[in-house]
Amino acid sequence: MKILPRLLGSLAAALALTLPAASQAATAPAIPADADNFYKSDKLVMEKVTFPNLYKMEMAGDLFLPKDLDKSKKYPAIIVGHPMGAVKEQSAVLYAQKLAEQGFVTLAMDLAFWGASQGQPRNAVSPDMYAETFSAAVDFLDTLPYVDRERIGILGICGSGSFAISAAKIDPRLKALATVSMYDMGEANRSGLKHAQSVEQRKKILEAAARQRDVEFAGGEPVYTSGTVHRLTPESTPIEREFYDFYRTPRGEVTPPGMTDRTTTHPTLTSNVKFMNFYPFNDIETISPRPMLFITGEKAHSREFSEDAFRRAAEPKELVVVPGAGHVDLYDRTGLIPFAKLTEFFRTSLK
């Protein structure tokens with residue numbers, strides 16, 4: 001697999017705070033004691049499921065039911081989307097289990113082109129198809145006799161927060177929306193974090209992607225870009241380290257089905273530029289009166305995106321800032337993730 005150096009305007013480097021030289025060690029720190037990405041609940045039944053999207057591609061998910069669920073009754077359901085470039089086993093399954101333990105039917109799914117879901121080429125970027133995966137999950141849940149089709153909510157983690165918003169704008173069946181550590185994948189690719197990427201840098205990325213299209217049309221191999229580094233150096237930025245500590249260590253590392261190396265977080269170069277035409281927060285106010293909850297970390301480098309979405313959204317809406325938490329902390333650190341707040345939000349919103 002060929003991975004080019006970061007072509008997204010060096011997003012991490014653009015924002016990363018400068019650390020003292022002594023702290024720029026090339027080794028990853030110990031896994032936090034409360035990190036539990038691979039949590040397995042003994043209170044639930046899990047079923048591997050597949051379901052078609054609108055374009056007849058098979059999407060894959062893990063369906064979680066409380067062991068004491070009475071299938072003669074109707075229950076609210078929550079669809080959980082994983083971070084951009086990840087797979088459902090990275091963060092989404094954890095959230096789905098924790099919420100299912102509170103009495104919800106939950107579905108952690110792989111977005112199209114990622115994990116066990118179909119889509120070629122692998123790791124392709126298609127914001128529209130990502131949003132479609134949420135709607136396809138509603139189609140599937142609507143067929144389950146124990147799911148109340150009028151009480152289906154969605155939860156998007158990291159990039160899936162922006163895809164969930166995109167889906168909710170055009171799918172009124174999604175009755176409540178929560179995001180955690182949300183990235184606006186469009187703005188992050190157009191302008192970088194804190195608007196640190198210039199238009200000229202953006203144009204260079206577009207030129208590189210266009211040249212690579214010519215290579216691949218002529219039969220060349222795909223090239224992957226951005227994503228999480230595979231090794232740390234003394235020059236690694238704090239954001240690179242933050243993602244490395246999750247995606248490239250036993251804390252959260254997953255090899256997707258059919259893959260022989262660690263390709264999570266690496267989209268194809270030719271497709272990644274599709275994000276530059278992605279404006280998920282435009283018309284976000286039209287989701288109202290369906291409620292929205294935005295959760296971000298106090299120290300999260302992505303905090304700007306949750307705050308921007310909150311400003312633009314109409315009531316009812318709520319912004320929760322988790323004290324002391326960074327971006328990746330809210331992927332798996334069960335001591336920091338406000339599961340009680342999520343439970344309260346969905347119970348109230350999906351009454």
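A. Inspection of the overall build of the protein chain at higher detail. When helices and strands are counted, the protein chain shows eleven helices and ten strands. The globule rule puts the C-alpha radius of gyration for 351 residues at 20 Å, and the 19 Å found for the protein chain is close to it. Dimensions of the protein chain, computed from C-alpha atoms along their principal axes, come out at roughly 55 × 50 × 40 Å. Here the protein chain holds 351 residues, and the buried ones make up 60% of them. Here the analysis covers contacts within the protein chain between residues at least 6 apart in sequence; of these, 74% occur between residues at least 24 apart. Accessible area of the protein chain: about 14,600 Å², with a carbon and sulfur share of 54%. If the 41 positive side-chain charges of the protein chain are averaged to one point and the 42 negative ones to another, these points end up 1 Å apart.

B. Structural context of the nonpolar core. Core analysis: the largest hydrophobic core is formed by 95 residues, its most contacted members being Ile79, Tyr95, Leu141, Leu155, Leu342 and Phe346. Counting residues per element, this core draws most heavily on helix 3 (residues 127–141), which supplies nine residues. Counting residues in hydrophobic clusters, the runner-up holds six residues, among them Ala209, Val223, Leu269 and Val273.

C. Local environment of the pattern of salt bridges. A complete count under the given rule lists 19 salt bridges for this structure. Across the pair Arg173 and Asp139 runs a salt bridge, and its minimum N-O distance is 2.7 Å. One end of the pair, Arg173, is in the loop between helix 4 (160–170) and strand 7 (176–180); the other, Asp139, is in helix 3, and 34 residues separate them in sequence. With relative accessibility at 27%, the residue Arg173 sits in the partly exposed group. Its relative accessible area of 33% is what places Asp139 among the partly exposed residues. Linking Arg251 and Asp332 is a salt bridge whose minimum nitrogen-to-oxygen distance equals 2.7 Å. With a gap of 81 residues between them, Arg251 in the loop between helix 7 (238–247) and helix 8 (269–272) and Asp332 in helix 10 (residues 329–332) connect regions that are remote in the sequence. Taking relative accessible area as the criterion, Asp332 reaches 0% and is therefore assigned buried. Several salt bridges share partner residues, and in doing so they unite Lys48, Asp62, Lys88, Glu89 and Asp110 into one network.

D. Spotlight on the confidence of the model for the protein chain. Per-residue confidence for the protein chain gives a mean pLDDT of 92; residues scoring 70 or more make up 90%. Looking at the elements of the protein chain, mean pLDDT is at its lowest for helix 1 (residues 11–15), recorded as 38, and at its highest for strand 7, recorded as 99.

E. Layout of the sheet that holds strand 4 (residues 75–81). If you walk across this open sheet you meet the eight strands as 2-3-5-4-6-7-9-10, and the pairing is mixed. One side of each edge strand has no neighbouring strand; the edge strands of this open sheet are strand 2 (44–52) and strand 10 (317–322). Across the sheet, the mean angle from the axis of one strand to that of its neighbour is 20 degrees, orientation sign disregarded. Both strand 4 and strand 5 (residues 105–109) contribute to a ladder of five bridges, which runs parallel. What sits directly across from Ala77, in strand 5, is Val105. Packed onto the sheet, helix 11 (residues 339–349) meets strand 4, strand 6 (147–157), strand 7, strand 9 (292–297) and strand 10 and runs at close to 165 degrees relative to strand 7.

F. Representation of the environment of His301 in the model. Within the secondary structure, His301 sits in the loop between strand 9 and helix 9 (303–312). A sequence separation of 118 residues divides His301 from Tyr183, and the C-alpha atoms of the two residues are 9.6 Å apart. At 2.8 Å, the side chain of His301 and the side chain of Tyr183 are in polar contact. Separated by 3.2 Å, the side chains of His301 and Glu242 make a polar contact.

G. Seen up close, helix 3. Taking 1.5 Å as the rise per residue, helix 3 with 15 residues should run 21 Å; its terminal C-alpha atoms sit 22 Å apart, in good agreement. Counting buried residues along helix 3, 13 of its 15 residues qualify, which places the element largely inside the surrounding structure.

H. Local environment of unusual backbone geometry. Here the residue pair Ser288 and Pro289 is connected by a cis peptide bond, since its omega of 15 degrees sits within 30 degrees of zero. Omega for the peptide link from Glu315 to Pro316 comes to 0 degrees, which places this bond in the cis form. By the secondary structure assignment, Pro316 is in the loop between helix 9 and strand 10. The phi torsion at His195 lies on the positive side, around 55 degrees, for a residue other than glycine. Here His195 falls in the exposed class, since its relative accessible area comes to 55%.

I. Structural view of the pairing of strand 7. Across the five residues that make up strand 7, a large majority, five, are buried. Of the two faces of strand 7, both are covered, the one formed by Ala176, Ala178 and Val180 as well as the one formed by Leu177 and Thr179. Pairing between strand 6 and strand 7: five bridges, direction parallel. Paired with Ile154 across the strands is Leu177, a residue of strand 7. For the segment spanning strand 6, helix 4 and strand 7, crossover handedness is right-handed. Two elements, strand 7 and strand 9, share four bridges in a ladder whose sense is parallel. Along strand 9, the bridge assignment pairs Ala178 with Leu293.

Parameters at a glance
- Residues numbered from 1 in each chain as written.
- Predicted model: local features only at pLDDT ≥ 70, side-chain atom pairs only at ≥ 80, totals over all residues.
- Heavy atoms only, no water.
- Helix = DSSP H or I, 4+ residues; strand = E, 2+ residues; numbered from the N terminus.
- Rg over C-alpha atoms; globule rule 2.2 N^0.38 Å.
- Buried < 20%, exposed > 50% of the residue type's maximum accessible area, 1.4 Å probe, protein only.
- Contact = heavy atoms within 4.5 Å.
- Areas by Shrake-Rupley, 256 points an atom, 1.4 Å probe, with all protein chains shown as cover.
- Lys, Arg positive; Asp, Glu negative; His and termini not counted.
- Charge placed at Lys NZ, Arg CZ, Asp CG, Glu CD.
- Core = buried A, V, L, I, M, F, W, Y, C linked by side-chain atoms within 4.5 Å.
- Salt bridge = Lys/Arg side-chain N within 4 Å of Asp/Glu carboxyl O.
- pLDDT = per-residue confidence, 0-100.
- Pairing = 2+ DSSP bridges.
- Axes fitted to C-alpha atoms, helices over the stretch in contact; angles between N-to-C directions.
- Polar contact = N/O pair within 3.5 Å; in protein donor to acceptor, adjacent residues only side chain to side chain.
- Expected span 1.5 Å × (residues − 1).
- Right-handed = clockwise from strand over helix to strand, strands pointing away.

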